[in-house]
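Fold and contact review
The primary structure of each chain is shown beneath.
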Amino acid sequence: MAKVLVLYYSSWGHVEQLANAAAEGAREAGAEVTVKRVPELVPDAVAEQFHYKRDQPAPIARPDELADYDAIIFGTPTRYGNMAAQMKNFIDQTGGLWAKGALVGKVGSAFTSTASQHGGQETTLTSFHTVLLHLGMVIVGLPYAFQGQMGVDTVKGGSPYGATTLADGDGSRQPSQVELDGARFQGRHVADIAAKLAA
């Protein structure tokens, strides 16, 4: 049984929803799954002013515990085409793990949320992959075996680099069923590959 960590940062709950869907998919594949989040960095007054979702039940992770898992699925909103500072700050604290090669050969995967269709989903995911490669991780995306990401019948997220959702500029759009299905598929896919590698 693979041990999978779904580690996310979410300001308004969109990424949190994808994280829970990815965790469901990994559990469907028989993995032992933990969902955690990285610490918030913005001052309380800013979080209140911009109506951040403060009632997220996932516990806060510690950087050193990443080595305890066979796979880590990272979720972050996009900030100017890159991962959010909260996630980068957390990963920047994994230097000790990097020095020991503690994450080498483990599965790494990522998903994201943007305000718009062209708001940097793919650059966020591919730049996240660069970080995972530096840590020695084996990257798993969202293959086109998940047919939900195909077609132009409706506005929807999803790419071969990972599951995505669109939040709209005011955060009013919630993840669609097909976007949640993409995250679920990704979680299952990651857990399957992690189990094979662990064996």
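It should be emphasised that the depicted structure is a prediction, and the values quoted were computed from it without experimental measurement.

**Digging into the overall build of the protein**
Across its full length, the protein carries 6 helices and 7 strands. In the protein, the succession of α and β elements from N to C terminus is β-α-β-α-β-β-α-α-β-α-β-β-α. Since a compact globule built from 199 residues should have a radius of gyration of about 16 Å, the 16 Å found for the protein is in line with a globular shape. Overall, the protein is about 45 × 40 × 25 Å in size when its C-alpha atoms are taken along their principal axes. Within the protein, the fraction of its 199 residues that count as buried is 50%. Pairs at least 24 apart in sequence give 76% of the contacts found in the protein among residues at least 6 apart. On the protein, roughly 9,100 Å² of surface is accessible, and the fraction owed to carbon and sulfur atoms is 54%. Taking the average place of the 16 positive charges on the side chains of the protein and the average place of its 20 negative ones, the gap between the two points comes to 4 Å.

**Here we look at the side chain of Arg184**
Residue placement: Arg184 occurs in helix 6 (residues 177-198). Residue class for Arg184 comes out buried when judged on its relative accessible area of 17%. There is a polar contact of 2.8 Å between the side chain of Arg184 and the side chain of Asp181. When neighbours within four sequence positions are excluded, Arg184 is seen to be in contact with Ala21, Ala22, Glu24, Gly25, Glu28 and Gln177.

**Some remarks on the UniProt feature "binding site: FMN" (unreviewed entry) in the protein**
UniProt records the feature "binding site: FMN" (unreviewed entry) at Ser10, Ser11, Trp12, Gly13, His14, Val15, Thr78, Arg79, Tyr80 and His134, using the numbering of this structure. Judged by maximum C-alpha separation, these annotated positions cover 125 residues in sequence and are scattered in space, the widest gap reaching 29.4 Å. Considering the arrangement of structural elements, one finds Trp12 in the loop between strand 1 (3-8) and helix 1 (14-28). Its relative accessible area of 40% is what places Trp12 among the partly exposed residues. Among residues more than four places away in sequence, those in contact with Trp12 are Phe50, His51, Tyr52, Lys53 and Arg79. On the accessibility criterion, Arg79 (27% relative accessible area) is partly exposed. Sequence-distant contacts of Arg79, defined by excluding residues within four places in its chain, comprise Tyr9, Ser11, Trp12 and Ala84. One polar contact links Arg79 to Ser11, side chain to side chain, over a distance of 2.8 Å.

**Describing the packing of helix 1 against helix 6**
Geometry of a packed helix pair, given as the angle between the helix axes and the separation of the axes. Viewed as axis vectors pointing N to C, helix 1 and helix 6 meet at an angle of 45°, and their least axial separation amounts to 6 Å. Of the possible angle classes, the one that applies to helix 1 and helix 6 is oblique. Crossing handedness for the pair helix 1 and helix 6: right-handed. Contacts from Gln17, Leu18, Ala21, Ala22, Glu24, Gly25, Ala26 and Glu28 in helix 1 reach Glu179, Leu180, Ala183, Arg184, Gly187, Arg188 and Ala191 in helix 6. Its residues assigned to classes, the contact of helix 1 with helix 6 comprises 7 nonpolar, 3 polar and 5 charged.

**Brief notes about the pairing of strand 1**
Within strand 1, 5 of the 6 residues are buried, which leaves the element mostly enclosed by the surrounding structure. When strand 1 meets strand 2 (residues 32-37), the two strands line up parallel, connected through 6 bridges. Along strand 2, the bridge assignment pairs Lys3 with Glu32. In this fold, strand 1 hands off to helix 1, which returns the chain to strand 2; that crossover is right-handed.

Rules used throughout
- Residues numbered from 1 in each chain as written.
- Predicted model: local features only at pLDDT ≥ 70, side-chain atom pairs only at ≥ 80, totals over all residues.
- Heavy atoms only, no water.
- Helix = DSSP H or I, 4+ residues; strand = E, 2+ residues; numbered from the N terminus.
- Rg over C-alpha atoms; globule rule 2.2 N^0.38 Å.
- Buried < 20%, exposed > 50% of the residue type's maximum accessible area, 1.4 Å probe, protein only.
- Contact = heavy atoms within 4.5 Å.
- Areas by Shrake-Rupley, 256 points an atom, 1.4 Å probe, with all protein chains shown as cover.
- Lys, Arg positive; Asp, Glu negative; His and termini not counted.
- Charge placed at Lys NZ, Arg CZ, Asp CG, Glu CD.
- Polar contact = N/O pair within 3.5 Å; in protein donor to acceptor, adjacent residues only side chain to side chain.
- UniProt positions renumbered as here; feature names shortened; annotations may be inferred.
- Axes fitted to C-alpha atoms, helices over the stretch in contact; angles between N-to-C directions.
- Parallel < 35°, antiparallel > 145°, perpendicular 65-115°, else oblique.
- Left-handed = near helix turned anticlockwise from the far one by under 90°.
- Nonpolar A, V, L, I, M, F, W, Y, C, P; charged D, E, K, R; others polar.
- Pairing = 2+ DSSP bridges.
- Right-handed = clockwise from strand over helix to strand, strands pointing away.

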